[in-house]
Amino acid sequence: AVRYALTDPAVGAVTRLQDRVQFGATLYHSVGGNGGGVCPILTSSAGAAPGRPLLRNRDAIDALFSANQPLRDTPTAESVRAITADKSLWGNDPGPRVLVLATDGDPDTCIDPNASGSGPQGLSEQAVQAAYQAGIRTYILSVGAQVTKTHLEKLANAGAGKPLTPASEPYFQGNNPADLITAFNTIIRGSRSCRLALNGKADAAAAGQAKVSLNGNPLGYGK
């Protein structure tokens, strides 16, 4: 369902916006936590560096989903920390840095892949808070209805740099492919920086003579 919402040739969010928005993707899981070897296991879309957001990256992201299936464990805190710390992913490009955390279940940990409840949830919320402090805004997307609602609310607050309670920031929930497309489009369109391409040259000295409006409302120069 997530693959359809992102990379469907006709309606996928990445497909439609890849010429204007830089996208990358990383899947995360573990096989029994630390007891099964590497944890978290991160698999990223092709690129230099792997997973780095790029323009026109739909095919690489689609190939990532095509080659991988959902697996068993959900070490969310460790995965968010690893993504945040990977400087090669984020580069020096201007504009907002956004992480969409899409998950279909409550987190466990690398130490205990069978853990559940407030412990792993708290670690995940702390990891999202740390991402915000590192300049990465996180949006939360529940794929289905299996994630604890209060945890989603706290993650959403953490992703916006707010106290964990009371709930104030929206999270997104997709119970079917159409819901997921709507969620991704809402997140992406709400996160894009505003850039205008001018057909010609503008004289900075004459900027005060320009007439600019936003949604039909005149904007005052220098305001």
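What this report covers is the structure whose coordinates are included nearby. (Residues numbered from 1 in each chain as written. Predicted model: local features only at pLDDT ≥ 70, side-chain atom pairs only at ≥ 80, totals over all residues. Heavy atoms only, no water.)

1. Quick notes on the packing of helix 4 (residues 76-85) against helix 6 (residues 118-133)
So the rule is basically this: To obtain each axis, a line is fitted to C-alpha atoms, and for helices this fit is confined to the stretch in contact; angles are then taken between N-to-C directions over 0 to 180 degrees. Numbered from the N terminus, helices here are DSSP runs of H or I no shorter than four residues, and strands are runs of E no shorter than two. Small angles under 35 degrees read as roughly parallel and large ones over 145 as roughly antiparallel, with 65 to 115 read as roughly perpendicular and the rest as oblique. Here is the rule for handedness: rotate from the far helix to the near one, and if that takes an anticlockwise turn smaller than a right angle the crossing is left-handed, while a clockwise turn gives right-handed. Here a residue-residue contact requires only that any non-hydrogen atoms of the pair lie within 4.5 Å. Just so you know the grouping, Ala, Val, Leu, Ile, Met, Phe, Trp, Tyr, Cys and Pro go in nonpolar, Asp, Glu, Lys and Arg go in charged, and all remaining residues, Gly too, go in polar.
At a minimum axis distance of 8 Å, the contact between helix 4 and helix 6 shows a crossing angle of 15°. Judged by the inter-axis angle, helix 4 sits roughly parallel to helix 6. In this structure, helix 4 meets helix 6 at a crossing whose hand is left-handed. Mapping the contact onto sequence places Thr-76, Ala-77, Val-80, Arg-81 and Thr-84 in helix 4 and Leu-123, Ser-124, Ala-127, Val-128 and Ala-131 in helix 6. Broken down by class, the residue content of the contact of helix 4 with helix 6 amounts to six nonpolar, three polar and one charged.

2. Quick look at the pairing of strand 3 (residues 98-103)
The condition that has to hold: Burial classification: accessible surface area is computed with a 1.4 Å probe over protein chains only, and a residue below 20% of its type maximum counts as buried, one above 50% as exposed, and the rest as partly exposed. Two strands form a pair only when DSSP identifies at least two bridges running between them.
Residues of strand 3 alternate between two faces, with Leu-99, Leu-101 and Thr-103 buried on one and Val-98, Val-100 and Ala-102 left unburied on the opposite face. Bridging between strand 3 and strand 4 (residues 137-143) involves six bridges; their strand directions are parallel. Looking across to strand 4, one finds that Leu-99 is bridged to Thr-138.

3. Focus on the packing of helix 6 against helix 7 (residues 149-159)
Direction vectors running N to C along helix 6 and helix 7 enclose 15°, while the axes themselves pass 8 Å from each other. Judged on the interaxial angle alone, helix 7 and helix 6 are roughly parallel. Crossing hand, helix 6 versus helix 7: right-handed. Contact residues: helix 6 offers Gln-121, Ser-124, Glu-125, Val-128, Gln-129 and Tyr-132, while helix 7 offers His-151, Lys-154, Leu-155, Ala-158 and Gly-159. In terms of residue class, the contact of helix 6 with helix 7 is made up of four nonpolar, five polar and two charged.

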